[in-house]
Amino acid sequence: MKILVSNDDGYFAPGITLLAEALAQLGEVTVVAPERDRSGASNSLTLDRPLTVRRAPNGYFSVNGTPTDCVHIAVTGLLDFTPDVIVSGVNLGANMGDDTIYSGTVAAAAEGYLLGIPSVALSLTSHAGAHFESAIGIALQLVERLSRKPLNEPVLLNVNVPDVAPEELRGVEVTRLGRRHKAEPVLKLKTPRGETAYWIGPAGAAADAGPGTDFYAVQSHRVSITPLRMDLTHNAQLPTAQAWLAD
Ligand code: MN
């Protein structure tokens with residue numbers, strides 16, 4: 001099995017190294033990841049300049065672009081094979097609810113999904129990074145299962161693993177995305193030259209976080225697995241829009 005590993009925290013991040021080393025048990029691993037932290041890059045592609053790829057001493061490819069760029073160029077020209085599966089992570093910090101819109105971790109996996117490759121986004125739900133081994137264990141289980149029991153349709157799984165020891169995990173739950181409250185206000189700063197600058201604040205607290213959501217599963221020390229799609233069509237609102245535009 002050929003496994004492509006990417007992330008948004010950068011090719012040097014502890015999460016990607018641990019993930020790539022562990023997945024080598026299951027197949028041939030190639031790492032293509034951003035040269036620096038691009039968390040929050042979402043699904044952006046770099047179109048206004050060419051991208052360069054460097055080979056790190058450990059064999060990882062680093063790209064001066066976004067997570068989406070990394071997977072895109074890996075699959076469409078950098079590599080001489082098509083990966084069987086793509087795993088993005090392990091991100092330091094949760095990607096639940098509305099986070100998935102902004103996440104570069106999810107975006108790297110989404111790019112794989114859009115290119116027709118089964119893809120998994122994997123996040124450890126705290127910035128402490130105390131128990132990467134829990135996320136790594138789940139990654140191994142999921143990739144092994146995808147290989148043994150492939151799904152007959154394109155698959156994009158958003159996985160959030162509580163940052164607790166493996167023996168404290170209380171199983172795996174298939175969830176829907178919850179929702180957050182609106183983001184915290186921006187921080188206003190004065191620059192040394194007297195201008196006002198704005199630093200985007202943290203995501204809001206969980207709002208829709210009841211049973212069945214990713215927030216609830218993680219709160220309960222369960223691994224949250226949400227199957228995602230990229231079609232943003234609001235199907236229930238089609239008749240409303242049609243009626244609104246009629247006459
Ligand atoms: Mn990140």
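Everything below is about the structure shown above.
The structure presented is a predicted model; accordingly, all values stated were derived computationally and were not measured.

Time to look at the overall build of the chain. For the chain, the count of helices and strands is 7 helices and 13 strands. Relative to a compact globule of 247 residues, whose C-alpha radius of gyration would be 18 Å, the chain shows 19 Å and is just as compact. Along the first, second and third principal axes, the C-alpha set of the chain runs to 55 × 50 × 45 Å. Within the span of the chain, comprising 247 residues, buried residues form 45% of the whole. Long-range pairs, those at least 24 residues apart, make up 74% of the contacts in the chain with a sequence separation of at least 6. A total of about 13,100 Å² of accessible surface is found on the chain, and carbon and sulfur atoms cover 55% of it. Mean positive and mean negative side-chain charge positions of the chain (19 and 26 charges, respectively) differ by 4 Å.

Applying the stated criterion to the full structure yields 5 salt bridges. Between Glu144 and Arg148 there is a salt bridge, with its nearest N and O atoms 2.9 Å apart. Within this pair, Glu144 and its partner Arg148 are both found in helix H5 (residues 132–148), separated by 4 residues, close to a single helical turn. Under the relative-accessibility criterion, Glu144 is labelled partly exposed at 32%. Asp208 is paired through a salt bridge with Arg176; the nearest N and O atoms lie 2.9 Å apart. Taken together, the residues Asp208 in strand E12 (residues 206–208) and Arg176 in the loop between strand E8 (172–174) and strand E9 (179–180) connect sequence positions 32 residues apart.

This paragraph deals with H5. The terminal C-alpha atoms of H5 lie 24 Å apart, and with 17 residues this matches the ideal 24 Å at 1.5 Å per residue to within 8%. Here H5 has its buried residues at Phe132, Ser134, Ala135, Ile136, Ile138, Ala139, Leu140, Leu142, Val143 and Leu146.

Taken as a whole and assessed by the stated rule, the structure comprises 1 aromatic pair. For the ring pair Tyr11 and Phe12, a centre distance of 5.7 Å and an interplane angle of 70 degrees mean the geometry is edge-to-face. According to the relative accessible area criterion, Tyr11 is partly exposed, its value standing at 25%. In this structure, Lys2 packs its charged tip against the face of Phe81, placed 5.8 Å from the ring centre.

Quick look at the coordination of the manganese ion now. Coordination sphere of the manganese ion, protein contribution only: Asp8 (OD), Asp9 (OD), Ser39 (OG) and Asn91 (OD1), at 2.0 to 2.3 Å. The motif formed by the donor residues of the manganese ion, counted along the single chain, is D-D-x29-S-x51-N. One end of the pair, Asp9, is in the loop between strand E1 (2–6) and helix H1 (14–23); the other, Asn91, is in strand E5 (residues 85–92), and 82 residues separate them in sequence. The burial state of Asp9 is the same as that of Asn91; both residues are buried.

Here strand E10 (residues 187–190) runs beside strand E11 (residues 196–199); their pairing, made up of 4 bridges, is antiparallel. Paired with Lys190 across the strands is Thr196, a residue of E11. Turn length for the E10-E11 hairpin, with the two strands adjacent in sequence and antiparallel, is 5 residues, and the turn residue Gly194 shows positive phi of about 85 degrees.

The rules we used
- Residues numbered from 1 in each chain as written.
- Predicted model: local features only at pLDDT ≥ 70, side-chain atom pairs only at ≥ 80, totals over all residues.
- Heavy atoms only, no water.
- Helix = DSSP H or I, 4+ residues; strand = E, 2+ residues; numbered from the N terminus.
- Rg over C-alpha atoms; globule rule 2.2 N^0.38 Å.
- Buried < 20%, exposed > 50% of the residue type's maximum accessible area, 1.4 Å probe, protein only.
- Contact = heavy atoms within 4.5 Å.
- Areas by Shrake-Rupley, 256 points an atom, 1.4 Å probe, with all protein chains shown as cover.
- Lys, Arg positive; Asp, Glu negative; His and termini not counted.
- Charge placed at Lys NZ, Arg CZ, Asp CG, Glu CD.
- Salt bridge = Lys/Arg side-chain N within 4 Å of Asp/Glu carboxyl O.
- Expected span 1.5 Å × (residues − 1).
- Phe/Tyr/Trp six-rings, centres within 6.5 Å; stacked < 30°, edge-to-face > 60°.
- Lys NZ or Arg CZ within 6 Å of the ring centre and 35° of its normal.
- Donors = N, O, S within 2.8 Å, 3.2 Å for Na, K, Ca; no water.
- Pairing = 2+ DSSP bridges.

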